[in-house]
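Here is how the chains run, residue by residue.
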Amino acid sequence: SQTIHQWPATLVQPVGSPLSLECTVEGTSNPNLYWYRQAAGRGLQLLFYSVGIGQISSEVPQNLSASRPQDRQFILSSKKLLLSDSGFYLCAWSRTFSEQFFGPGTRLTVL
Amino acid sequence: KQEVTQIPAALSVPEGENLVLNCSFTDSAIYNLQWFRQDPGKGLTSLLLIQSSQREQTSGRLNASLDKSSGRSTLYIAASQPGDSATYLCSSSGKETSGSRLTFGEGTQLTVNP
């Protein structure tokens, strides 16, 4: 069966510090991968998605970037965090045209 | 641009009641519609996926329907239990990016009282 992992589970970072969140998927190959952010009162927003290694599509202009160095690894990064980057970050995977499955999430607080 | 709306935003019911959660979407050119459950501080758990060619899907006490022509989907929960308390999210998948882009509603926060 497939499983999806995210770490860290929680993170508290000062404004201006760098960020690296990691997501890995097990039990499948060549998945589509996604990063979402869920901010309080604002619903779930798609940030990036990837259909293959090195292929990243950005949905919204922002302070964040994503990379896919391996088939089942998806990384969300920032060089300098802003207060507005606080939120709950969710990684998901799917097959093309199919159901999406979500990871447990990372709670990021920027102070 | 697809917009997904969920009504009501919050719902509180006594245990044992049957209930309906509503979801509407503005662009009927969807590939599929997916319902999720989210417990506080947790990730999303997929409940049901309805392909655009389907009318409904059932899993246990849950039944989801899809009416593309009217831009609506409903999630029916039979014989509700306190363990059903959670936020329920509806999402539609667009065809323009090979189904990769999900657009979410704001969710319905359900409380089932014992």
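A brief look at the structure comes next. (Residues numbered from 1 in each chain as written. Chains lettered and ligands numbered in written order. Predicted model: local features only at pLDDT ≥ 70, side-chain atom pairs only at ≥ 80, totals over all residues. Heavy atoms only, no water.)

### Details of the sheet that holds strand S1 (residues 4-7) of chain B
Residues and elements named next belong to chain B. Rules: A pair of strands is treated as paired once DSSP finds two or more bridges between them. Numbering of helices and strands runs from the N terminus, with a helix taken as a DSSP run of H or I at least four residues long and a strand as a DSSP run of E at least two residues long. Every axis in this analysis is a line fitted to C-alpha atoms, fitted for helices over the stretch in contact. Angles between the N-to-C directions lie between 0 and 180 degrees.
If you trace the five strands from one edge of the open sheet to the other, you get S1-S3-S8-S7-S6, paired in antiparallel fashion. Sheet topology places S1 and strand S6 (56-59) at the edges, where each strand pairs with a single neighbour. For this sheet, the mean angle separating the axes of adjacent strands, direction not counted, is 15°. Inspection of the sheet shows S1 paired to strand S3 (residues 19-25) by four bridges, in the antiparallel sense. Looking at S3, one finds that Ile7 is bridged to Asn22.

### Some points on the sheet that holds strand S7 (residues 65-70) of chain A
All names here are of chain A. Read across the sheet, four strands follow the order S1-S3-S8-S7 without closing on themselves; strand pairing throughout is antiparallel. Unpaired on one side and paired on the other, strand S1 (3-7) and S7 mark the two borders of the sheet. The sheet shows a mean angle of 20° between the axes of neighbouring strands, direction not considered. As paired elements, strand S3 (residues 19-26) and strand S8 (residues 73-78) share six bridges and run antiparallel to each other. Bridging from a neighbouring strand, Glu22 pairs with Ile75 of S8.

### Notes on the packing of aromatic side chains
What counts, and what does not: Working definition: a ring pair exists when centres of Phe, Tyr or Trp rings (six-membered ring for Trp) sit within 6.5 Å. Plane angles under 30 degrees give stacked, over 60 give edge-to-face, the rest tilted. In this scheme, a residue with accessible area under 20% of its type's maximum is buried, one over 50% is exposed, and one in between is partly exposed, where area comes from a 1.4 Å probe on protein chains only.
With the rule as written, the count across this model stands at nine aromatic pairs over all chains. Both rings, one in Tyr36 of chain A and one in Phe104 of chain B, keep their centres 5.7 Å apart while their planes meet at 90°; by these two values the pair is edge-to-face. With one member in each of two chains, Tyr36 of chain A in strand S4 (residues 32-39) and Phe104 of chain B in strand S10 (residues 102-104) form a pair that bridges those chains. Grouping residues by exposure puts Tyr36 of chain A and Phe104 of chain B together as buried. Judged by centre distance (5.3 Å) and plane angle (85°), the ring pair of Phe102 of chain A and Phe36 of chain B falls under edge-to-face. One end of the pair, Phe102 of chain A, is in strand S10 (residues 100-102); the other, Phe36 of chain B, is in strand S4 (residues 30-38), on a second chain. For Phe102 of chain A, a relative accessible area of 9% translates into the label buried. What links up through ring pairs into an aromatic cluster is the set Tyr34, Tyr36, Tyr49 and Phe102 of chain A together with Phe36 and Phe104 of chain B.

### Focus on the state of the cysteines
Note the cut-off: Note that a disulfide, as used here, is simply two cysteine sulfur atoms within 2.5 Å.
Within the structure shown, the criterion is met by two disulfides over all chains. Disulfide pairing is shown between Cys23 of chain A and Cys91 of chain A; the S-S distance is 2.0 Å. Residues Cys23 of chain A and Cys91 of chain A share a disulfide whose torsion about the S-S bond is about -75°; that sign makes it left-handed. Taken together, the residues span a long stretch of sequence, with Cys23 of chain A in strand S3 and Cys91 of chain A in strand S9 (residues 87-94) at a distance of 68 residues. Between the sulfur of Cys23 of chain B and that of Cys90 of chain B lies a disulfide, 1.9 Å long from S to S.

### What about the nonpolar core?
Residue and element names in this part refer to chain B. Basically, it comes down to this: For our purposes a nonpolar core is just a set of buried Ala, Val, Leu, Ile, Met, Phe, Trp, Tyr and Cys residues, chained together by side-chain atoms within 4.5 Å. In what follows, residue pairs with any heavy atoms lying within 4.5 Å of each other are defined as contacts.
Ranked by size, the top nonpolar core spans 22 residues in total, and within it Leu33, Trp35, Leu75, Ile77, Tyr88 and Leu110 carry the most contacts. Counting only elements with at least two residues in this core, the list comes to S3, S4, strand S5 (44-51), strand S7 (62-67), strand S8 (72-77), strand S9 (86-94) and strand S11 (108-113). The element contributing the most residues to this core is S3, with four residues. The contacts of Leu33, once residues within four sequence positions are left out, are Cys23, Phe25, Leu48, Leu49, Ile50, Leu66, Ser73, Cys90, Ser91 and Ser92.

### A few points about the interface of chain B and chain A
Note the following rule: Simply put, the buried area is the total loss of 1.4 Å probe accessible area from both parts when two parts are fitted together. One speaks of a salt bridge when a side-chain nitrogen belonging to Lys or Arg is within 4 Å of a carboxyl oxygen belonging to Asp or Glu. By the criterion applied in these results, polar contacts are pairs of N or O atoms within 3.5 Å in which, for protein atoms, one can donate a hydrogen and the other can accept it, and in which residues neighboring in sequence qualify only through two side-chain atoms.
Counting from both sides, the interface comprises 20 residues of chain B and, opposite them, 23 residues of chain A. For the pair chain B and chain A, the summed buried surface comes to about 1,700 Å²; carbon and sulfur atoms form 53% of the total. At the junction of chain B with chain A, the criterion picks out zero salt bridges. Along the contact surface separating chain B from chain A lie three residue pairs in polar contact (both at pLDDT 80 or more). Those elements that place two or more of their residues in the side of chain B that touches chain A are S4, S5 and S10 of chain B.

### Section: the environment of Gln38 of chain A
As for its placement among the helices and strands, Gln38 of chain A is situated in strand S4. A relative accessible area of 17% means that Gln38 of chain A is categorised as buried. When neighbours within four sequence positions are excluded, Gln38 of chain A is seen to be in contact with Gly43, Leu44, Gly87, Phe88 and Leu90 of chain A together with Gln38 of chain B. Of note is the side chain of Gln38 of chain A, whose polar atom sits 2.9 Å from the side chain of Gln38 of chain B.

All quantities given are derived from atomic positions and should not be read as evidence of function.
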